[in-house]
Each structure stands twice: as structure tokens, then as C-alpha cells.
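Listed below are the residues making up each chain.
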Amino acid sequence: DRGGNDIHVETSFASGYQRSKHSGGHGHGHGGNLHQVWDATLVEEIITELRQQQGENGDGSHNWQLLSDLLWKRLEGDWSRNLTEWRKVVAEDGAGDSDALRESNPSQLKAGLTWVAGRTASIGCSYAYVGSDGHRIQSGETLGRDYFEFTKPIVEIQLAKAGARLAQVLSDS
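**Description of the packing of aromatic side chains**
Reasoning step 1: Tallied over the entire structure, the rule returns three aromatic pairs.
Reasoning step 2: The interplanar angle of 25° and the centroid separation of 5.3 Å between the aromatic rings of F13 and F148 together place this pair among those described as stacked. On the criterion of sequence distance, the pair formed by F13 in the loop between strand 1 (8-11) and helix 1 (16-22) and F148 in helix 7 (residues 145-172) is long-range, its members being 135 residues apart. For the pair F13 and F148, one class covers both residues: buried.
Reasoning step 3: Residues W79 and W86 carry aromatic rings whose centres are separated by 6.1 Å and whose planes lie at 65° to one another, so their mutual orientation is edge-to-face. Across the pair, exposure class does not vary: W79 and W86 are buried alike.

What follows is the structure in C-alpha cells.
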């Protein structure tokens, strides 16, 4: 399915602006593909919700700072015990769950990123392609609010992991 590119879906969970933008920014229709939903629509809807919680109106779907602030608070709070493990995967000095990969590969960073890519693909298959009731997402389907609520925690934690790992790579450079 080429990473969700061949699974054409519509969304009914996003604001009107987000739905029309989802179609490629041309303002026509509510459709796109599953890859677009994960690349943009889910994240933009999370940001839209954050703006609404603050009483803001209008288009602020690209106010990434709101999402960054939310993830940072969670990294300092609920997720703080996981932060070291998430960073360790790409750190120069250790590997957490990817020790075996690092021993077989001279490049620790490459081995860590290989492990991350495999784990992320596994998570994608477990959540992106599956509805909240467990059925496999099919072309022509409309993804509703239940899909958004099912996938939202995964999107948030994957973004936090990516940020933590990027910070580690930059720190090690």
C-alpha cells in the first residue's frame, strides 16, 4: 500500500478547514490518503483542539508551539521515566533495547535508527491501519472521531520520542 498512500480515506473528525486542507490544500473535498492523515491531519487536529481549549478561534493548525509545550510538559511529568530509555537508543554511549543491533553494526547511530524505524513501522501497522474497533482500514472509508481518539495518544508519544531522540543526536554531535 506504499505506506498508506494507496488507502484513500475521508475524515469526519477534523474541523472544516482541516478537512479541506487534507485534500492537498486546494479547498476541495474531504478526502486524501491514510499517509496524509498521519503526516498532517491528526497532528493539526491535536493543535486545533489545544487552541480551542485556550479559547482561540480561526486557523491556528500550524501553531506547533502549542503542541510542543504540551509534549514538553508530559516529558517533564508522566513520561519522564521513559525519557532516558528513548534517548539511549540513539546515544553514543549506550543502546537500551538495541544492544544486539549496536554490537553487530559499527555505527551506533545507524543501528539505533534502524531499531527505531523497525519499532515505528510495527506501531504504524498496529494503529494506523486499524480502526478503534480492530477492523482493517479500507479505501473509501471515512475515519471518524473514534479513529482520532484511538490514534491521538500514539501520535503524541511518537512525536515526543522523536523529539527526545533528536535532542540526543544533537547533544552528541
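Read on for the rest.
**Observations regarding helix 3 (residues 64-76)**
Reasoning step 1: Between its terminal C-alpha atoms helix 3 stretches 18 Å, which fits the 18 Å expected from 13 residues at 1.5 Å a residue.
Reasoning step 2: Considered for burial, the residues of helix 3 that qualify are L66, L67, L71 and L75.
Reasoning step 3: Looking at the buried residues of helix 3, the elements they touch are helix 2 (34-53), helix 4 (80-88) and helix 7.

**A short note on the side chain of T151**
Reasoning step 1: Assignment of secondary structure puts T151 in helix 7.
Reasoning step 2: Owing to a relative accessible area of 0%, T151 belongs among the buried residues under this scheme.
Reasoning step 3: If we ignore the near neighbours within four places in the chain, the residues touching T151 are W38, L42 and Y127.

**Considerations on the pattern of salt bridges**
Reasoning step 1: All told, the structure shown has six salt bridges when counted by the stated rule.
Reasoning step 2: Two residues, R74 and E156, come together in a salt bridge whose shortest N-O distance is 2.6 Å. Here E156 lies in helix 7 and R74 lies in helix 3, a separation of 82 residues in the sequence.
Reasoning step 3: Residue R74 is classed as partly exposed on the basis of its relative accessible area, which comes to 24%.
Reasoning step 4: Overlapping salt bridges, with partners in common, bring together E45, E49, R145, E149 and K152 in one network.

**Description of the pairing of strand 1**
Reasoning step 1: Of the two faces of strand 1, only one is covered, namely that formed by V9 and T11; the face formed by H8 and E10 stays uncovered.
Reasoning step 2: Here strand 1 pairs with strand 2 (residues 31-33) via three bridges, running antiparallel. Looking at the pairing, E10 lines up with G31 of strand 2.
Reasoning step 3: Note that strand 1 and strand 3 (residues 142-143) share two bridges and pair parallel. By the bridge assignment for strand 3, T11 is matched with L143.

**A closer look at the sheet that holds strand 2**
Reasoning step 1: The strand order across the open sheet built from three strands is 2-1-3, with neighbouring strands paired in mixed fashion. Edge positions in the open sheet fall to strand 2 and strand 3, since each of these has one partner strand only.
Reasoning step 2: Set on the sheet, helix 2 makes contact with strand 1, strand 2 and strand 3; between it and strand 2 the angle comes to about 95°.

Calculation rules
- Counting from 1, residues in each chain are numbered in the order their sequence is written.
- With pLDDT at 70 or above as the cut-off, local features in this predicted model cover only qualifying residues; side-chain atom pairs require 80 or more to be listed or tallied, and sums for whole chains, interfaces and linings still use all residues.
- Processing note: side-chain calculations cover all non-hydrogen atoms of the structure and skip hydrogens and water entirely.
- Here a pair means two rings of Phe, Tyr or Trp (six-membered ring of Trp) with centres within 6.5 Å. Their orientation is stacked below 30 degrees between planes, edge-to-face above 60, and tilted elsewhere.
- Here a strand is any run of E in DSSP of at least two residues, a helix any run of H or I of at least four, and the numbering for each starts at the N terminus.
- Summary of the burial criterion: residues with accessible area below 20% of their type's maximum are buried, those above 50% are exposed, and those between are partly exposed, where the area comes from a 1.4 Å probe applied to protein chains only.
- A helix's residues, less one, multiplied by 1.5 Å, set its expected span.
- Only heavy atoms matter for contacts: two residues are in contact if any of them lie within 4.5 Å across the pair.
- Each reported salt bridge corresponds to a side-chain nitrogen of Lys or Arg within 4 Å of a carboxyl oxygen of Asp or Glu.
- A pair of strands is labelled paired if DSSP reports no fewer than 2 bridges between them.
- Simply put, an axis is a line fit to the C-alpha atoms, just over the touching stretch for a helix, and the angle between two N-to-C directions goes from 0 to 180 degrees.

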